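Observations on the three-dimensional arrangement
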Amino acid sequence: MNVLLTGGAGYIGSHTAVTLINAGINIVIADNFSNSSPKVLDRIAEITGKRPEFVEVDFCDKAATDALFESHSFDGVIHFAGLKAVGESCRQPIRYYRNNLDSTLTLLEAMAKYNVKRLVFSSSATVYGDQPAPLTESTPTGNCSNPYGWTKYMIEQILKGACDADPELSVVLLRYFNPLGAHESGKIGENPNGIPNNLMPYISQVAVGKLEKLHIFGNDYDTPDGTGVRDYIHVVDLAQGHLDALHYAEKRTGCDVFNLGTGKGYSVLDMVKTFSRVNGVEVPYVIDPRRPGDLATVYADPKKAETVLGWTAKRNLEDMCRDSWNWQSHNPQGY
Ligand code: WQD
């Protein structure tokens, strides 16, 4: 099988690349390095012993996208490419709509032109917005709290419509909860540009001394310890979910959707305490006011992925904390 990973040099894309290569699948990574580093390709080669083919492509560029499909014969696509910072999307909504929607529409046009009929899409639990947990795939969507989430919601509608129009098309939507952690080698990991928005990279940069202290956004939520509760999922478990989704897409047509989460919720303080205990490092913090748009409690009901894909998350919070620290402590400045 020959699979294109758009945005495959990114955090989740690179971990999925390792999983697919190790499963004997031939991959091509296409990325514009807007939020990733070329060094990832060397690290993937160090881990797997195989350097994936790479093509620098911005999927908003129709000519470059067509040239990529013209010069390759893909059996399927995993579409990671897109802007993904929630806060940034609130400050730059037009840029997010333009980039995330344009790149997806250009990709879909090329897939149709070159008869590529299988797609796994990197969606997000943000499409649910403020809904009571646990979230199932039939929990209502479209109550998004930010433009980033709206782009994921809109792309899901585009893909459902594409499947309605083309009975040969097979699309799997994967709604990620909170990805974190890193490959056990510590050679690839989460490498956000600038000050991290997400909790774990912020904690690990405090632990490594790059940042002074963690700012916990609110401890007055209706949760066991007052801090936000989320469904954290190890990025290597998430990568496996993409391989399972690819095999599932091969056997069927139409559009299907899966939550990729653990079904367990952990608070911010749970994370801080576990990270410190597992790694023997201090994480100084202060309690700040709530962050606008944050929800109190978000976690998945992962039953459908378990029964239909045969996928469950295998790694626990300690594994996530250990692997995040292994990456950060070996790469204090990132790639
Ligand atoms: C987790 C918890 C914060 C940072 C976002 C996106 C989602 C997905 C994952 C892409 C919350 C608290 C955080 C900090 C804190 N990304 N926190 N101090 O907001 O649940 O989800 O990332 O798909 O789409 O929405 O993740 O890691 O930002 O926050 O206290 O410096 O940690 O309040 O309770 P979030 P997060």
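Structural data are supplied above this passage.
This text gives an overview of the structure that appears in the document. (Residues numbered from 1 in each chain as written. Predicted model: local features only at pLDDT ≥ 70, side-chain atom pairs only at ≥ 80, totals over all residues. Heavy atoms only, no water.)

**What about the nonpolar core?**
Ranked by internal contacts, the top residues of the largest apolar core, which has 62 residues, are Leu5, Leu20, Ile203, Leu214, Met271 and Phe275. Looking at which element gives the most residues to this core, the answer is helix H8 (residues 235-250), with 8 residues. Each residue touching leucine 20, except ones within four places of it in the same chain, is listed here: Val3, Leu5, Ile25, Ile27, Ile78, Leu243 and Leu246. (Core = buried A, V, L, I, M, F, W, Y, C linked by side-chain atoms within 4.5 Å. Buried < 20%, exposed > 50% of the residue type's maximum accessible area, 1.4 Å probe, protein only. Helix = DSSP H or I, 4+ residues; strand = E, 2+ residues; numbered from the N terminus. Contact = heavy atoms within 4.5 Å.)

**Some points on helix H7 (residues 199-207)**
Burial analysis of H7 places 9 of its 9 residues in the buried class, the great majority of the element. In the core, the buried residues of H7 are packed alongside strand E7 (178-180), strand E8 (214-217), strand E10 (232-234), helix H9 (268-279) and helix H11 (317-330). Where H7 ends, the next residue or the one after it, glycine 209, has phi of about 90 degrees, a positive value.

**Let's talk about the site of the ligand**
By nearness alone, 19 residues border the ligand, and Tyr148, Leu199, His215, Arg230 and Asp294 come closest of all. One nitrogen or oxygen atom from the main chain of asparagine 197 is found 3.4 Å from an oxygen atom belonging to the ligand. Histidine 215 is positioned such that a nitrogen or oxygen atom in its backbone is 2.8 Å from a nitrogen atom of the ligand. Taking 680 Å² as the accessible area of the ligand by itself, protein coverage stands at 90%. When contributions to the shell around the ligand are tallied by element, the ones reaching two or more residues are H7 and E8. Among the elements that take part in the shell around the ligand, E8 stands out by supplying 4 residues, more than any other. The class makeup of the residues in the shell around the ligand is 9 nonpolar, 7 polar and 3 charged. (Near = heavy atom within 4 Å. Polar contact = N/O pair within 3.5 Å; in protein donor to acceptor, adjacent residues only side chain to side chain. Areas by Shrake-Rupley, 256 points an atom, 1.4 Å probe, with all protein chains shown as cover. Nonpolar A, V, L, I, M, F, W, Y, C, P; charged D, E, K, R; others polar.)

**Some remarks on H11**
Between its first and last C-alpha, H11 extends 20 Å over 14 residues, near the 20 Å set by a 1.5 Å rise per residue. All of the buried residues along H11 are Leu317, Met320, Cys321, Asp323, Ser324, Trp325, Asn326, Trp327 and Gln328. Structurally, H11 contributes buried residues whose contacts are with helix H2 (39-48), E7, H7, E10, strand E12 (266-267) and H9. (Expected span 1.5 Å × (residues − 1).)

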